[in-house]
Amino acid sequence: MARASSKKPRDIPPTDPMPARIDPCLATLVDKPPKGPEWAYEVKWDGYRVAVHIEPGRARVLTRGGYDWTQRFPTIADDARRLAVKTAILDGEAVVLDEHGRSDFGMLQRALGRLPSAVEAGAIIFYAFDLLYLDGRDLRRLPLGERRRMLEPLVAGREGAIRLSEEVQADGDELLRVACAHGLEGIIAKHIDKPYRSGRGEWWQKITCKRRDSFVIVGFEPSTVPGHLGRLLLAARKDGVLVYVGGCGTGWSHELSRELRKLLEGMVAKAPAVALRRKGAVFVEPVLVAEVEYRAWTDDGKLRHAAFKGIRPREDETAI
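None of the values given here were measured: they were computed from a predicted structure.

The rules we used
- Residues numbered from 1 in each chain as written.
- Predicted model: local features only at pLDDT ≥ 70, side-chain atom pairs only at ≥ 80, totals over all residues.
- Heavy atoms only, no water.
- Core = buried A, V, L, I, M, F, W, Y, C linked by side-chain atoms within 4.5 Å.
- Buried < 20%, exposed > 50% of the residue type's maximum accessible area, 1.4 Å probe, protein only.
- Helix = DSSP H or I, 4+ residues; strand = E, 2+ residues; numbered from the N terminus.
- Contact = heavy atoms within 4.5 Å.
- Phe/Tyr/Trp six-rings, centres within 6.5 Å; stacked < 30°, edge-to-face > 60°.
- Disulfide = S-S within 2.5 Å.
- Salt bridge = Lys/Arg side-chain N within 4 Å of Asp/Glu carboxyl O.
- Pairing = 2+ DSSP bridges.

Chemist: How should the nonpolar core be read in this particular structure?
Modeler: Generally speaking, nonpolar side chains in soluble globular proteins are found buried as a group. With 34 residues, the main nonpolar core has Phe 73, Ile 76, Leu 90 and Ile 124 as its most contacted residues. Those elements giving two or more residues to this core turn out to be strand S3 (48-55), strand S4 (58-63), helix H1 (74-80), strand S5 (88-95), helix H2 (105-111), strand S6 (125-134), helix H3 (144-155) and strand S8 (162-164). Look past the residues within four positions of Phe 73 in its chain and what remains in contact with it is Val 50, Val 61, Ala 94, Leu 112 and Ile 124. Counting 23 residues, the second largest nonpolar core, distinct from the first, contains Phe 215, Cys 248, Leu 264 and Leu 288.

Quick look at the structure:
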């Protein structure tokens, strides 16, 4: 009797186990767009970076830090179950668009209920810009160009909660100029021949219209107006410790000023998280991160012309 072959039939494709979570690829901030046909450009979205995991019978929305926020993005999870896939992991950005079609981080926070507003959770849109896993295949080893060719048929042309983040065929410098003129955050440049690599690297680059980054809130100065916020005190991690980098006293409305003051008063710390003595300052536990737009750095390492843009939980800021 002939021995049965141990080889698998060639027509059965290999199955890669679906990752429970993937650390995101993060763009490196540069001053100018890279040049060359190997680079593709997209609009830089101003929202929450999330991954949508689709499995039989369920869909999950995970933050960049790996937290399950499916309940906060119900329309995205619901729309994900309608995609013509069995299993998939989509990488992208959750945003809310203003009346001009621009992503607005403050409106997103209001839709999530973190700040007071009438913006509804159903207004949140997920713009997919990468496909990391599809129906038993881990696609991270493939070049970006191939991953995009597989992503586009799944989400292109959709008007629901999940949409395609379009690639723009243009000169990088001209695209940046137009993006800034229209009040956008900036642009992202991606090397089309590179595989997907978790962490920050040169294969994805971001070019912003203004400098913007995340800083840990370590305290505040009360306003002369009772119950209001005067100034946020900010810190950044350097050599493993938090270092004071200055503060910001603009960027919030009259109503938001009260809300932020109330929020911070509920997390007062027994001791400062940074080496700083400041008369009248109230120090808080370093658990929140402020999105801050600023002009430049001073020679002594402080922010110049900083303006508040929003808050995030520090636990989800993997880069800080």
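There's more to say after this.
Chemist: Would you explain the packing of aromatic side chains in this entry?
Modeler: How two aromatic rings sit relative to each other is given by the distance of their centres and the angle of their planes. On inspection of all chains with the given rule, the structure shows ten aromatic pairs. Taken together, a centroid distance of 4.0 Å and an interplanar angle of 5° make the contact between Trp 45 and Tyr 127 stacked. Here the residue Trp 45 occupies a position in the loop between strand S2 (39-43) and S3, and Tyr 127 occupies one in strand S6, the gap between them amounting to 82 residues. The exposure class of Trp 45 is buried, given its relative accessible area of 16%. Through a chain of ring-to-ring contacts, three or more aromatic side chains come together here, namely Tyr 48, Trp 69, Phe 73 and Phe 105.

Chemist: Which parts of the structure should I look at to understand the environment of Ala 273?
Modeler: Inspection of the secondary structure puts Ala 273 in the loop between helix H5 (254-265) and strand S14 (282-283). C-alpha of Ala 273 to C-alpha of Leu 242: the two residues are 31 residues apart in sequence and 7.0 Å apart in space. Other than its neighbours up to four places away in sequence, Ala 273 contacts Val 218, Leu 242 and Pro 286.

Chemist: Where do I start with the state of the cysteines in this structure?
Modeler: Simply put, disulfide is the name for a covalent bond between the sulfur atoms of two cysteines. Scanning the entire structure with this criterion turns up one disulfide. A disulfide bridge connects Cys 180 with Cys 209, and the sulfur atoms are separated by 2.1 Å. Where Cys 180 bonds to Cys 209 through sulfur, the torsion about that S-S bond is close to -100°, and the disulfide is left-handed. Here the residue Cys 180 occupies a position in helix H4 (residues 172-181), and Cys 209 occupies one in the loop between strand S10 (199-208) and strand S11 (211-222), the gap between them amounting to 29 residues. Cys 209 provides the cysteine sulfur closest to Cys 248, a residue in no disulfide bond, and the two sulfurs are 20 Å apart. Residue classification places Cys 248 among the buried residues on the basis of a relative accessible area of 1%.

Chemist: Any chance you could explain the pattern of salt bridges here in plain terms?
Modeler: On inspection of all chains with the given rule, the structure shows 27 salt bridges. Asp 23 is the salt-bridge partner of Arg 21, the closest N and O atoms lying 2.7 Å from each other. Overall, the relative accessible area of 39% leaves Asp 23 in the partly exposed class. The shortest N-O distance in the salt bridge between Arg 60 and Glu 55 comes to 3.4 Å. Bridged by salt links that share partners, the residues Glu 42, Arg 148, Glu 152, Glu 167 and Lys 190 form one connected network.

Chemist: I would appreciate a short explanation of the environment of Trp 69 in the present structure.
Modeler: Residue position: Trp 69 is located in the loop between S4 and H1. Sequence separation between Trp 69 and Pro 286 is 217 residues; the distance between their C-alpha atoms is 22 Å. Beyond its immediate stretch of four places on either side in the chain, Trp 69 contacts Tyr 48, Val 61, Thr 63, Leu 112 and Pro 313.

Chemist: Could you clarify how one ought to interpret the pairing of strand S1 (residues 25-29) in this entry?
Modeler: The two faces of the sheet receive side chains in turn, since in a regular strand these alternate between them. The buried fraction of S1 amounts to four of the five residues, a majority that puts the element mostly inside the structure. Bridge analysis of S1 against S10 gives five bridges, and the strand direction is parallel. Of the residues in S10, the one forming a bridge with Leu 29 is Lys 206.

Chemist: Is there a simple way to think about the environment of Thr 63 in this case?
Modeler: By the secondary structure assignment, Thr 63 is in strand S4. It is 20 Å that separates the C-alpha atoms of Thr 63 and Leu 97, two residues lying 34 residues apart in sequence.

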